[in-house]
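Each chain, letter by letter, is given below.
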Amino acid sequence: MTNIISTQLQHDILQALSIFYPYPPSGKQYFSLFANVSEAKMAANIQALVDKKLICRRAISHSDERPYIMLSYLHLTQKGFEYSVKYC
């Protein structure tokens, strides 16, 4: 099984969200940026960033043990913004 956690994708997520900070991207913006990435892979990488406190914890919701991306909460925390400015 292919590892769905990707440091490159996490970097891309942080970089994209830093452009929209402090707001989340619109659905159209999100899909134009990440249309080629599966929802499961995005959710896993967003969860990894949530665990690091770089993205709002409400960006991922769980239903039936499956993670779902909540676009309205998909934005950087202050720590995430500072991190993305410094490293992305």
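Above this text sits the structure in question.
The residue count restarts for each chain, going from 1 along the sequence in the order it is written. At least 70 in pLDDT is required for a residue's local features to be given in this predicted model, at least 80 for side-chain atom pairs to be given and counted, and no such filter applies to totals for whole chains, interfaces and linings, which use all residues. Note that the side-chain values use all heavy atoms of the structure and ignore hydrogens as well as water.

So, the overall build of the chain
Rules: Counting from the N terminus, the helices are the DSSP runs of H or I reaching at least four residues and the strands are the DSSP runs of E reaching at least two. In this setup the radius of gyration rests on C-alpha atoms only. A globule is expected at 2.2 Å times the number of residues raised to 0.38. Think of it in three bands: residues with accessible area under 20% of the maximum for their type are buried, residues over 50% are exposed, and the middle band is partly exposed, with areas taken using a 1.4 Å probe on protein chains only. Contact definition: two residues touch when any of their heavy atoms are within 4.5 Å. Using the Shrake-Rupley algorithm and a 1.4 Å probe, accessible areas are obtained, with residue cover drawn only from the displayed protein chains. Counting rule applied: Lys, Arg positive; Asp, Glu negative; His and chain ends not counted. One atom stands in for each charge, and that atom is NZ of Lys, CZ of Arg, CG of Asp or CD of Glu.
Looking only at helices and strands, the chain features four helices and two strands. Along the chain direction, N to C, the helices and strands of the chain fall in the order α-α-α-β-β-α. Over its C-alpha atoms the chain spans a radius of gyration of 12 Å, differing by no more than 12% from the 12 Å that the globule rule assigns to 88 residues. In terms of overall dimensions, the chain has C-alpha extents of about 35 × 25 × 25 Å along its principal axes. Considering the chain as a whole, with its 88 residues, one finds that 34% of them fall into the buried category. Put simply, of all contacts in the chain between residues at least 6 apart along the chain, 62% involve residues at least 24 apart. Surface accessibility of the chain: about 5,700 Å² in total, with carbon and sulfur atoms responsible for 54%. Seen as two clouds, the 9 positive and the 6 negative side-chain charges of the chain have centres 6 Å apart.

Examining helix α3 (residues 39–51)
Spelled out, the test is: Expected helix span is computed as 1.5 Å times (number of residues minus one).
With 13 residues, α3 should cover 18 Å at 1.5 Å per step; its first-to-last C-alpha distance of 18 Å lies within 8% of that length. Check the buried side of α3 and you find it contacts α1 (7–20), α2 (27–34), β1 (60–63) and β2 (66–69). Following α3 by one or two positions, Lys53 adopts a phi angle in the positive range, close to 65°.

Focus on the nonpolar core
What counts is decided by this rule: In plain words, nonpolar cores are sets of buried Ala, Val, Leu, Ile, Met, Phe, Trp, Tyr and Cys residues tied together by side-chain atoms within 4.5 Å.
The biggest cluster of nonpolar side chains holds 20 residues, and the ones touching the most others in it are Ile13, Phe34, Met42, Ile46, Ile55, Ile69 and Leu74. Each residue touching Ile13, except ones within four places of it in the same chain, is listed here: Phe34, Met42, Asn45, Ile46, Leu49 and Ile55.

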